[in-house]
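Understanding the architecture of this molecule
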Amino acid sequence: MALKSFVDVASESHFSLENLPFGVFKSRASEARIGVALGDYVVDLSALERAGLFKDLSPETAAATTRDSLNELLALGRPAWRKVRETLQKLLSAETATLRDDETLRERVFHRQSDVVMQLPAKIGNYTDFYSSYHHAYNVGTMLRGPENALMPNWKWLPVAYHGRASSLVVSGTDVRRPQGQNKPPDAGAPLFGATKSLDYELEMAFLIGPGNSLGQPVPVDRALDHIFGFVLMNDWSARDIQAWEYQPLGPFLAKNFCTSISPWVVMLEALEPFRKPLPRQDPEPLPYLRAKNDSTFDIQLEAKLQTAKMKSPHSITQTNFQNLYWSVSQQLAHHTVGGCNLQPGDLLASGTISGETEESRGCMLELTWRGANPLKLPNGETRKWLEDGDTLKITGWCNGDGYRIGFGEVSGKILPAH
Ligand code: CA
């Protein structure tokens, strides 16, 4: 049964009262500030604090809600986050008169989402990308090394990852410039320089770190969730020709560091609780430091849609689910810190491409077209081996509750020609 707000929220809206995802927005002629999404609106937390409606929060928590990024709130940890969420759910409930019956206050607190510009939710100091979908790793490995050696020997023993580039993380809606770099066709004697000819997307999710840990103090796997504020959608744009030439022996570099897009609304772990599922059995059993009690995953439906410049509406090309990840977020976080690496408030840890077993659940064009061998056929007759200039790629995700949705909105980007 859905919670009821005095604000109308359609049952298919991503932003129910159960959800209340956090983001940072700018309205006309104002500084960036924190809000939560409800139906078609953004609720301005600074305006609520100024109106004296956060008296139940500690002074430091109330102050953290008035900043221009989530970082200060992230540092306060789960008890503070829960208190803010409960306070907001109560203030926005149909039963509570404070805002419901005060039109002047409502005008200061509510903004239409169509009237604001979303920003990155946090100052993201560090970004790590895992490689945790078995089917993605298997498909890519098969293309590179054949099915016998598809998975590297370490893959089922540890959550493989690389440290990505935080400075080129952008919020949904930011255009994506086609990158240039070196590529070496198999029959060429020397590499060529130019714009990538095989630009790809990667459907991923990512989580924002809360308090984090001190240098040299690993986070035990059973405490990992204390450090996860919430989740966003992510598109790890990738240049496959640049990647193929540069990736050995140290992994991705220019193939990935030109741009990574995330969705603006951060869905709290609390909102995802009803959609928690047991983590599928892992074989071999992980080492003790990666074994969490009742480890879990989440039932989050995910979709990627492509719209070319000639198309009137987007066409669905990937349908997958967060449950297709082999490693849990607790295992990812525990492994990240086990050597002593310190995570900090606002760090972003991403899942890796989320592919499932079926063809339609493949989370990037590399897999969907099998490296360009089987081009995608679009409804208007166009075909695609890779993304072309003018194409827009959107990723969306949601959980279906009983009469409500917990949605992530979308992460979208349009491809611009190379400079
Ligand atoms: Ca990736």
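Residues numbered from 1 in each chain as written. Predicted model: local features only at pLDDT ≥ 70, side-chain atom pairs only at ≥ 80, totals over all residues. Heavy atoms only, no water.

Turning our eyes to something else, we now look at the packing of aromatic side chains. Under the counting rule described, the total for this entry stands at 14 aromatic pairs. On the numbers, 5.8 Å between centres and 55° between planes, the contact of Phe 207 with Phe 231 is tilted. Here Phe 207 is found in strand β13 (residues 203-209), whereas its partner Phe 231 is found in strand β14 (residues 228-235), with 24 residues between them in sequence. We classify Phe 207 as buried; its relative accessible area is 2%. Of the aromatic side chains, those joined through ring pairs into one cluster are Tyr 134, Tyr 138, Trp 155, Tyr 326 and Trp 327. (Phe/Tyr/Trp six-rings, centres within 6.5 Å; stacked < 30°, edge-to-face > 60°. Helix = DSSP H or I, 4+ residues; strand = E, 2+ residues; numbered from the N terminus. Buried < 20%, exposed > 50% of the residue type's maximum accessible area, 1.4 Å probe, protein only.)

Summarising the metal site, the calcium ion is bound by the protein donors Asp 129 (OD), Glu 202 (OE), Glu 204 (OE) and Asp 236 (OD), whose distances to it range over 2.2 to 2.3 Å. One chain supplies every donor to the calcium ion, and in sequence these donors are spaced D-x72-E-x1-E-x31-D. Here the residue Asp 129 occupies a position in strand β6 (residues 127-130), and Asp 236 occupies one in the loop between β14 and β15 (238-239), the gap between them amounting to 107 residues. For the residue pair Asp 129 and Asp 236, the accessibility class agrees, reading buried in each case. (Donors = N, O, S within 2.8 Å, 3.2 Å for Na, K, Ca; no water.)

The next subject is the pairing of β6. Side chains Tyr 127 and Asp 129 of β6 all project onto a buried face; the interleaved residues Thr 128 and Phe 130 project onto the opposite face, where all are buried too. Alignment of β6 against strand β22 (residues 348-350), held across three bridges, turns out to be parallel. Its bridge partner being in β22, Asp 129 is matched across the sheet by Ala 350. Direction of pairing for β6 relative to strand β7 (residues 161-163): antiparallel, over a ladder of three bridges. (Pairing = 2+ DSSP bridges.)

Membership of the largest hydrophobic core comes to 57 residues, with the highest contact counts inside it found for Tyr 201, Phe 231 and Phe 322. Formed by 46 residues, the second largest nonpolar core is a distinct cluster that contains Leu 20, Leu 53, Leu 70 and Leu 348. (Core = buried A, V, L, I, M, F, W, Y, C linked by side-chain atoms within 4.5 Å.)

All right, on to unusual backbone geometry then. Geometrically, the link from Gln 248 to Pro 249 is a cis peptide bond, its omega value of 5° lying close to zero. Backbone geometry at Trp 370 places phi at a positive 50°, although glycine is not the residue there. Within the element layout of this structure, Trp 370 appears in the loop between α11 (365-368) and β23 (376-377). Despite not being glycine, Arg 371 shows a phi value in the positive range, around 60°.

For the rest of this paragraph, the subject is the sheet that holds strand β1 (residues 22-26). Strand order in the open sheet formed by five strands is β4-β3-β2-β1-β5, and the pairing between neighbours is antiparallel. Strand pairing shows two members of the sheet lacking a second neighbour, β4 (110-112) and β5 (117-119), which therefore form its edges. Strand-to-strand twist in this sheet, taken as the mean axis angle between neighbours without regard to direction, amounts to 50°. Relative to β5, β1 is paired through three bridges, and the arrangement is antiparallel. Within the sheet, the bridge partner assigned to Phe 25 lies in β5 and is Met 118. (Axes fitted to C-alpha atoms, helices over the stretch in contact; angles between N-to-C directions.)

What follows covers helix α10 (residues 329-337). α10 sits mainly inside the fold: eight of its nine residues count as buried. Looking at the buried residues of α10, the elements they touch are β6, β7, β13, β14 and β22. (Contact = heavy atoms within 4.5 Å.)

Taken as a whole, this structure holds 20 salt bridges when the rule is applied. A salt bridge links Glu 285 to Arg 291, with the shortest nitrogen-to-oxygen separation between them at 3.3 Å. Sharing partners across several salt bridges, the network here consists of Asp 200, Glu 202, Asp 236, Arg 240 and Lys 256. (Salt bridge = Lys/Arg side-chain N within 4 Å of Asp/Glu carboxyl O.)

Residue placement: Thr 337 occurs in helix α10. Setting aside chain neighbours within four positions, we find Thr 337 in contact with Asn 213, Pro 218, Val 219 and Leu 343.

Right, let's talk about the side chain of Ser 412 for a bit. Inspection of the secondary structure puts Ser 412 in strand β26 (residues 405-416). Overall, Ser 412 belongs to the buried group, its relative accessible area being 11%.

Judged by pairing direction, the sheet is mixed, and its five strands sit side by side in the order β9-β26-β25-β20-β21 without closing on themselves. Sheet topology places β9 (176-177) and β21 (315-321) at the edges, where each strand pairs with a single neighbour. Sheet topology note: the β9/β26 ladder contains two bridges and is parallel. In the sheet register, Arg 177 faces β26, and the bridge partner there is Leu 416.

Where strand β25 (residues 392-400) meets β26, eight bridges bridge the pair, whose relative direction is antiparallel. Opposite Thr 396, over in β26, you have Glu 410 as the bridge partner. Hairpin connection of β25 to β26: four residues between the antiparallel strands, including Gly 403 at a positive phi of 85°.

Here we take up the side chain of Thr 308. In this fold, Thr 308 is placed in the loop between β20 (301-307) and β21. A polar atom in the side chain of Thr 308 sits 2.5 Å from the side chain of Glu 382. Setting aside residues up to four positions removed in sequence, Thr 308 forms contacts with Leu 378, Asn 380, Glu 382, Arg 384, Gly 390 and Asp 391. (Polar contact = N/O pair within 3.5 Å; in protein donor to acceptor, adjacent residues only side chain to side chain.)

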